[in-house]
Structure formats: structure tokens, C-alpha cells
Amino acid sequence: MLNPQLSADGRLKHLITLDGLPKSVLTQILDTAAPFTEVAEREVKKVPLLRGKSVFNVFFENSTRTRTTFEIAAKRLSADVINLNVSTSSTSKGETLLDTVDNLCAMGADMFVMRHASSGAPYLLAQHLRNTGREHISVVNAGDGRHAHPTQGLLDMYTIRHYKKDFTNLTVAVVGDVLHSRVARSEIAALTTLGVPEVRVIGPKTLLPTDVERMGVRVFHNMEEGLRGVDVVMMLRLQNERMQGALLPSSQEYFKFYGLTEEKLALAAKDAIVLHPGPMNRGVEIDSAVADGANAVILPQVTFGIAVRMAVMSMLAAGN
Amino acid sequence: MLNPQLSADGRLKHLITLDGLPKSVLTQILDTAAPFTEVAEREVKKVPLLRGKSVFNVFFENSTRTRTTFEIAAKRLSADVINLNVSTSSTSKGETLLDTVDNLCAMGADMFVMRHASSGAPYLLAQHLRNTGREHISVVNAGDGRHAHPTQGLLDMYTIRHYKKDFTNLTVAVVGDVLHSRVARSEIAALTTLGVPEVRVIGPKTLLPTDVERMGVRVFHNMEEGLRGVDVVMMLRLQNERMQGALLPSSQEYFKFYGLTEEKLALAAKDAIVLHPGPMNRGVEIDSAVADGANAVILPQVTFGIAVRMAVMSMLAAGN
Amino acid sequence: MLNPQLSADGRLKHLITLDGLPKSVLTQILDTAAPFTEVAEREVKKVPLLRGKSVFNVFFENSTRTRTTFEIAAKRLSADVINLNVSTSSTSKGETLLDTVDNLCAMGADMFVMRHASSGAPYLLAQHLRNTGREHISVVNAGDGRHAHPTQGLLDMYTIRHYKKDFTNLTVAVVGDVLHSRVARSEIAALTTLGVPEVRVIGPKTLLPTDVERMGVRVFHNMEEGLRGVDVVMMLRLQNERMQGALLPSSQEYFKFYGLTEEKLALAAKDAIVLHPGPMNRGVEIDSAVADGANAVILPQVTFGIAVRMAVMSMLAAGN
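Quick caveat: nothing in here was measured; it's all calculated off a predicted structure.

## Focus: the overall build of chain A
At step 1: Across its full length, chain A carries 12 helices and 9 strands.
At step 2: A compact globule built from 320 residues would reach a C-alpha radius of gyration of about 20 Å, and chain A, at 19 Å, matches this within 12%.
At step 3: Taken along its principal axes, the extent of the C-alpha atoms in chain A is 55 × 45 × 40 Å.
At step 4: Relative to its full complement of 320 residues, chain A shows a buried share of 62%.
At step 5: Put simply, 76% of the contacts in chain A that link residues at least 6 apart link residues at least 24 apart.

## As for the interface of chain C and chain A
At step 1: Taken together, the contacts link 25 residues of chain C with 24 residues of chain A.
At step 2: Between chain C and chain A, a total of about 2100 Å² is buried, with carbon and sulfur atoms accounting for 47% of that surface.
At step 3: At the junction of chain C with chain A, the criterion picks out 4 salt bridges.
At step 4: Of the charged contacts in the structure, one is a salt bridge between Lys53 of chain C and Glu43 of chain A, with a shortest N-O distance of 3.1 Å.
At step 5: Inspection of the region where chain C meets chain A yields 12 residue pairs in polar contact (both at pLDDT 80 or more).
At step 6: Of all elements in the fold, only β1 (54-59), β2 (80-85) and α3 (97-106) of chain C reach the threshold of two or more residues within the side of chain C that touches chain A.

## Observations regarding the pattern of salt bridges
At step 1: Under the criterion given, the structure shown has 51 salt bridges over all chains.
At step 2: Across the pair Arg282 of chain C and Asp99 of chain B runs a salt bridge whose closest N-O atoms are separated by 2.6 Å. Of this pair, Arg282 of chain C sits in the loop between β9 (273-275) and α11 (288-291) while Asp99 of chain B sits in helix α3 (residues 97-106), on two different chains.
At step 3: Under the relative-accessibility criterion, Arg282 of chain C is labelled partly exposed at 24%.
At step 4: Judged by relative accessible area, Asp99 of chain B falls into the buried class, the value being 5%.

## A word on the environment of Asn131 of chain A
Residue and element names in this part refer to chain A.
At step 1: The residue Asn131 is located in helix α4 (residues 121-131) in this model.
At step 2: Judged by relative accessible area, Asn131 falls into the exposed class, the value being 60%.
At step 3: Sequence separation between Asn131 and Thr303 is 172 residues, and the spatial gap between their C-alpha atoms is 36 Å.

## Regarding the sheet that holds strand β4 (residues 138-144) of chain A
At step 1: The strand order β2-β1-β3-β4 (chain A) describes an open sheet built from 4 strands, whose pairing is parallel. Looking at the sheet topology across the chains shown, the edges are occupied by β2 (80-85) and β4 of chain A. Across the sheet, the axes of successive neighbouring strands diverge by a mean angle of 15°, strand direction being ignored.
At step 2: The pairing of strand β3 (residues 111-116) of chain A with β4 of chain A spans 5 bridges and is parallel. Its bridge partner lying in β4 of chain A, His116 of chain A is registered against Asp144 of chain A.
At step 3: The strands touched by helix α2 (residues 64-76) of chain A are β1 (54-59), β2, β3 and β4 of chain A; relative to β1 of chain A, the strand with the most contacts, the crossing angle is about 180°.
At step 4: Along the sheet, helix α2 (residues 64-76) of chain B contacts β1 and β2 of chain A; its crossing angle with β2 of chain A, the most-contacted strand, is approximately 175°.

## With respect to the pairing of strand β8 (residues 232-235) of chain B
Two faces make up the sheet, and in a regular strand the side chains alternate between them.
Residues and elements named next belong to chain B.
At step 1: Because side chains alternate across β8, one face comprises the buried residues Val232 and Met234, and the other comprises Val233 and Met235, equally buried.
At step 2: The pairing of strand β5 (residues 171-175) with β8 spans 4 bridges and is parallel. Residue pairing across strands places Val174 opposite Met234, the latter belonging to β8.
At step 3: Bridge count for β8 against strand β9 (residues 273-275) is 3 bridges, and the pairing is parallel. Within β9, the position partnered with Met234 by the bridge is Leu275.

## Topic: the domain arrangement of chain A
Residues and elements named next belong to chain A.
At step 1: You can read the domains of chain A as domain 1 (23-149 + 303-319) and domain 2 (150-299).
At step 2: Between domain 1 and domain 2 the total buried area reaches about 2200 Å² when both faces are included, carbon and sulfur atoms providing 64% of it.
At step 3: The interface formed by domain 1 and domain 2 holds 2 salt bridges in total.
At step 4: With its nearest N and O atoms 2.9 Å apart, the salt bridge here joins Arg161 to Asp31.
At step 5: At the junction of domain 1 with domain 2, the criterion picks out 9 residue pairs in polar contact (both at pLDDT 80 or more).

Each value, and the rule that gives it
- Residues numbered from 1 in each chain as written.
- Chains lettered and ligands numbered in written order.
- Predicted model: local features only at pLDDT ≥ 70, side-chain atom pairs only at ≥ 80, totals over all residues.
- Heavy atoms only, no water.
- Helix = DSSP H or I, 4+ residues; strand = E, 2+ residues; numbered from the N terminus.
- Rg over C-alpha atoms; globule rule 2.2 N^0.38 Å.
- Buried < 20%, exposed > 50% of the residue type's maximum accessible area, 1.4 Å probe, protein only.
- Contact = heavy atoms within 4.5 Å.
- Buried area = accessible area lost by both parts, 1.4 Å probe.
- Salt bridge = Lys/Arg side-chain N within 4 Å of Asp/Glu carboxyl O.
- Polar contact = N/O pair within 3.5 Å; in protein donor to acceptor, adjacent residues only side chain to side chain.
- Pairing = 2+ DSSP bridges.
- Axes fitted to C-alpha atoms, helices over the stretch in contact; angles between N-to-C directions.
- Domains from an automatic or database assignment.

Structure, rendered in C-alpha cells:
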């Protein structure tokens, strides 16, 4: 079966998940992003690649930050951007997701950027577009349930490549609530595809999927052991609602065992880089000394994220 | 008395209601819309007709869908669009509607697109603009109370003309909650003006205005009788809140008598078209088999709606 | 110590407060604004001064009206504008203000327009930008706590200069709730700097700061006395929440003593002008006869406000 994200001749049609996306395509996206980092440095931060295109940011889950990054990326590509918070919109009037989407297609959409609480919603959308003969419209997954957040995974890869040049000699640790994290799934898929020889996950048993080893990773429950010698530390955000459940005793307890402090980071390679997808819970999963320290590359991640999203959008527009 | 929507020499100044708008103007709008449908097919979906104009979408009632269609139309005309959800804004600070409007005028508004829960609010606005010597500013009614939704009526006419070519040999049925529907009022006004010889309304007594015959329509309470031989079926949305009141026993009951099914539709002309203003309540006023069937032109309505709104806006900008 | 709003060579870097801003800079802003009033009269209301710049409207307090004025000003300067209602966003996920700001900087922000409930927040932001080597990014204070609302103060000065030509022979009264008003603070600072020989404040003891005389004003608790012979009456908005507290007996009572009526206005100079920052509480701090009367310049204030904001933004963009 062909990857539904790729056209018959291998061009990117949608970006739904990094799982199963070939190394060549991942590398092409990162290569395409590189010149876009330079657009942000210009006097006039715009290129006309999506001029006159209609990009719909359809957010069924509210996320100002992610929506903003896509809005900026699309505007710098000169697209017309329409923001839709669908949580508070037609769906509450009893309309189905596909009716909403069909309507936006009929308005002349060229691209959907979709965030949805249900895993698989963007895939369903792409499938629906194919079934209804509207394959010229692209879908970008901006996060679906616990499934995937591919542009986050890509910007993380861009960041790692920027600082480490080569993936094939790295040890990378993903730390925290892997169980509930779409970011972790996208990161692990990309790291594996790009040839990172050792990917570790670090977290308490209650926050790791039961079959996590099947993702091709080494599992550590002890953070000190897991961090030893790693080149890249990818922190995950701990969602506050986990604290109220039975999964964790308290945020202080969590910080003690899995919060990234300077002491724990000292066990990693001297030039290790620290990533975090944001927003950070300082004093919960990461100490401020690390978040603001010399090893952190958390703000460059955000900058690269704009370039990566511009790259994805321009490739989709060119491919469709 | 001159129609307040028209200038002394007959050009469109505002679009507030289709009631009383001459056939020549309705036809001119539909003719103007035709080339705009082609803009949506272009690589760059933009024309510079409203470049540098400030269009204010002032929505006193939330409606993401309608607001979006106007936003897209205005952006494709290259206008600067400002969205204002006034329900959550200054009016809650005790400011009057006219003070809000005066302020937006003072900011350099060229056009207001207004949705309001009170019938007559856009008319009040147009009158106020005339009284205060700001006749260069246009008003487009995006739905006011139970009164009118003229761009919806126009896009419906565009759709009918597209599929049926000629209005003067048609039988058209408007089905459902006519009583509470601004869409129905605009549709009936336009159909009558454009020379449709037989307009029928179909619905239970509790959902039809008592004096509905005075609108020049034939009334049917039995849907099977009403649909017999019609060329166009215009379904209305059944608002959920009607269900909770005393007007209707239940949505199942409603569907049984007034839901459009394939069986009922079989009584209409073989090539009858089915319209719906959206969002649809599938299984309440329309069956999915019909909504997705060969006779439905519900998505083309949406596409034509963008073109019709571009036509109206460009005519207003040219006239003022 | 250098004024943190000015660069070493005296150019405007941020606009945070009018307090301490030299007369030459205030005058320069007013002079720069003048040609921008003419942009709003053009067929195409746009100039390319901020083309390709990313302006973030970061509103930690909701204010549709003020946000709209900045959005229009930025769009007429051809900037890309991103609106962020941060009250409902990441900060609720536990992120700090500075983390939010750092993220937006990393996305390539050129300018922040910030409204915040806490006095000093925009200053904190400007300081943070300097400390982190991002001095090319500008901050415009769109109202912080009870501290300042400098663009409001500037547009008031523009309005006064437009009608009165010269500041140095005026008597100006600021009337109402000075205690809670950031507008009043900005107005008094600007009037004093621009050489107005007599600035009066009028209000009940409970709504004036205890040390108000230190601002260089004459204090009146009797409105009739305070208005006698003034050339300019600057009304303040009375926030509804003051009514529920112990500060005021009732809005009727307030109107009786401090509401601006035609009778009270008759005590001022015959050609006195009346300003109000909006939104107005008609019948509370101002009578409709005055608000809509010949002396009111309340709507011109709004028009000039767009030009003044364009002037400030273009000066900041040029200076950084």
C-alpha cells in the first residue's frame, strides 16, 4: 500500500504522521526549511509562494501557541489565513466534522491545518478528501489526540541536525510522560527513521506505554541512568491534569525523580542539548537553571518551527 | 419613497433585504457573481477591487460559518478585514450600538457586514449613516433576527439559475420552519421578484406564519402533496431549540412528517434540485441519503455563496 | 539615566509611558501623525512602511476596541498582524509571561502591542528584551493597570492641537475617576510637558489620588467651579464596577454632581472642546446632549487615534 501522505511519484500530499514517512522525505523537509530560516531575518519577512491560497486553521482543540506558529508561517508565505475555533462553532449546532470540512472545501480551501482531540481525525479528513475527488487540498496535522504532532517532531529534528550535524552517532533520551504524548510518538518515529542508533525513553512506569520497547527504544525508569552520556535530551511537558489523577503522587515528587536539573544534566554529554516543546512547567519537569541555561535550545526550536512549517506548507502547495 | 438600499440613480448602496429590490438589481448581482466563481479556480485567488478598504465583520450574534464566508470574500477582493465579536465586547461595557458603529466609522470603515439578533438592526445602521452624512459607508446584512438574510437568498437564486437557467417556468417549494426563518423570507422575496410562477411553503401549522399566504405562496401542511412535481426543494434548518418548546413533539416525529427522504423526494420532478442553507441536521430535516445524493446542490451553494458575496461587496464599493 | 524608551541618540525605541518623554519627542509624534490622517482619506488606505513586519497584539486584558485600533493601524502600514488573547491562552497552562514573550520573539516578532492588568508589565517586557539582546523588538503599551495608556494620551494631544493650535495658552480640565484611570495619568503627563499652563482635575475626593497635586494640577471637587473658563474638557470613563463598591453612592448621584451636562458646559469657554476616551456611559459621566453636541470632538479623537498609532509604529520600526 502506498503511504497516503505521498503521491504516486513520492511527493508530499499531506503531513499527518512521521510514522512511515521515508528518510528521504524527512530529509527533504529539513533541507527545504533551511533557507526559510533566513526569511525571518529579512527586512520584509515574506515570500509569495502561497499568494492567493486559502489556508484554514481548523482547531477543534484550542491552542493559541500552535495556531499562531502556523498563522505566521502561512502569512510569511503570503497566504490568506482563516482561523476557525470549531470547538465553539458549527459542531455545537449538531453538524458533523465532515459536513464542516465539506463546507470549507466548497469555500475554496487549499490547505487545512487541523488540531483535534481525537487521534486519527486528520487522517479521516485526508481520506475523505481523496474519496470525494478533492485531492488537490492538503492536510497538515497540528496535533491529534495522543497520536502525532508531526511538525513538532520535524522542528525537533531540524534543531538536532542544526546543533549535531549527524544523526547516526547520537544517543537521544525522551523524558517524561510518553504515554499521553503525541509529541513523543512523532519524535521517536523521526529519530528512528533518521538513523539515530540509540533512542532512550525515561519515565515512571505509569507514564510509559506498556509496549514502549516495540517502538525500538531502550527504557529507563531511573533518570540518572537514562541520561548517562546522552547527546540530546528531549523533555516532554507534564500536563497538569495528570497530577490530579492516580498516575502521580505530586509535582514535587515528580520533579525530584524526573525533573531535569543541572545535577542530572551533568550526567549527559558535556555538549548535550536540551529540547522542550513548550509551554514549560518550570519546577515540574524542568528546572529554570536548565531551561535558561547554556545547553537549552528551546527558543531556537520555536524559530526553526516557523521555517519547518513554511517548508511543509510550500512543499504541499507545490505537490498539489 | 426611494428604496434606501439604492442610490438616486439606482445603484446598490446597501444590501439589507431582498424585499423590494427590483428584478434588475437582483439579476445584476447574479450576473456580477458569475465571473467571481472563476476567481476561486485560479492559482492566485485574488482580485484587487477592494484593496486598501477596511471591511468590518460586526457580529452581534456568533456565526463562524457566515463570518468566514464574508471574510474569505473580502480577502479575495484584497480588502483589510477586521472581525469583531461585539457580543463579548464594548456593548457589555454599556456602550450603545450606535456609539460602537460611530467609533468604527471614525476608524475609517468602508463597509459593515452585520449580523444581529434584532430584526432591523442593519436598517437602523444604514439610516444612521445617512443621517450622519456618512453615505459612502455600505452595510451588508449578514442576518438580522427573523427578518432577512439577503446574501443567502441571493446565493440560492444563483444556484437555481445555474441549474435551471430560467426562473419563469419553475415550481419551488420552501420546506420547514418558515416562521422563525430569515432565510425563508429572503428566498420567497427573491423567487417572487425573479418571476417564479409557483412558490410553495410546506410545514406544520405551528412553524408557518399565520399570514404566510400574503407572501404570494401556496401553503401545504402535507409534505407529499407539496413536493409533487416541484423543480426546486429549498430545505430550511430546524433549530434545536424549537424541539424543547411546545412547537414540536420530537425530532423523530418531525423527521417522519417533514424530513426530506428519498421516498418523499421521488414525488418531485426527476431532475429536481435540493438546497439547504446549512448547517444541516441530518436525520431531522433531511436524510443523509438525500443530503449526499445526486439531487443535492448544497455544496455548490456554498461555492456560489463566496462569488455572490464578492459580487455584492464589489458593487457596493463601486457604488459608494 | 537614559529614558529606556529612547535610544542613545534620542530616537523612540518603545512607547511605554508619556511620563518623562521630552516635549520634542511628543511633538515629533504629533507631527508624524499629521500626514497619516490623510492616508485614511485615500482610495487605497495603505502605505508599505511595515510590510513584512510581524506585529503581535498581545492582550492579557480583553479590549476589542483598543485592539481593533492597533490592528487597523498596523494593517494600513502593511504589517502582518497576529492577535493573541493571552488571558485564555498559554498562561492558563502555567507558562510565565516572559516565557510567552520569549516564544513570540523566537517566532520573529518585530513589535509587541501589549495590554495588561498589571501596571509595569510593558516596562518589564522592554527591560527583558534589552537584557536578552533583543533590542530591535519594540513595545507599545496599550494600557497597563492604572499606570499609563500613552497612545490614548497622544491622540488626545493631537486632538487638542488640531482644534486649539497652541498648548501654551490653555486651561484644561480632566474630569472624573482620576484615581483608577491610566488615561488620566497619560493625559496629565502630556499636557504638562507640552506646556499647558493650567491643568485642573475635577472629581469627588474618593476618586482622586491623595497626592494628586504633586502631578502639577489644580484640584476641584466642585465641577461648576472647575469648569469655569476652561478651553478643553477631558472626560474620563466611570467604570461600572466603581458603583458597586463603597466609593460612590449611585450613578444618578454621580451624574448629578459630575456628569457633563449642557448647563455645566456653559460655564466653560464658549468654544471649549469636549473629549472622552470611550466607551461612553451616557447619562453617567456625560449627557447625550453634550456627547452629540457641537463642542464634542469624541469621534475625531478616534480618527486621529489611528493616525497617531500609525505614527508611533512607523517611528518605532524606523528607530529599531
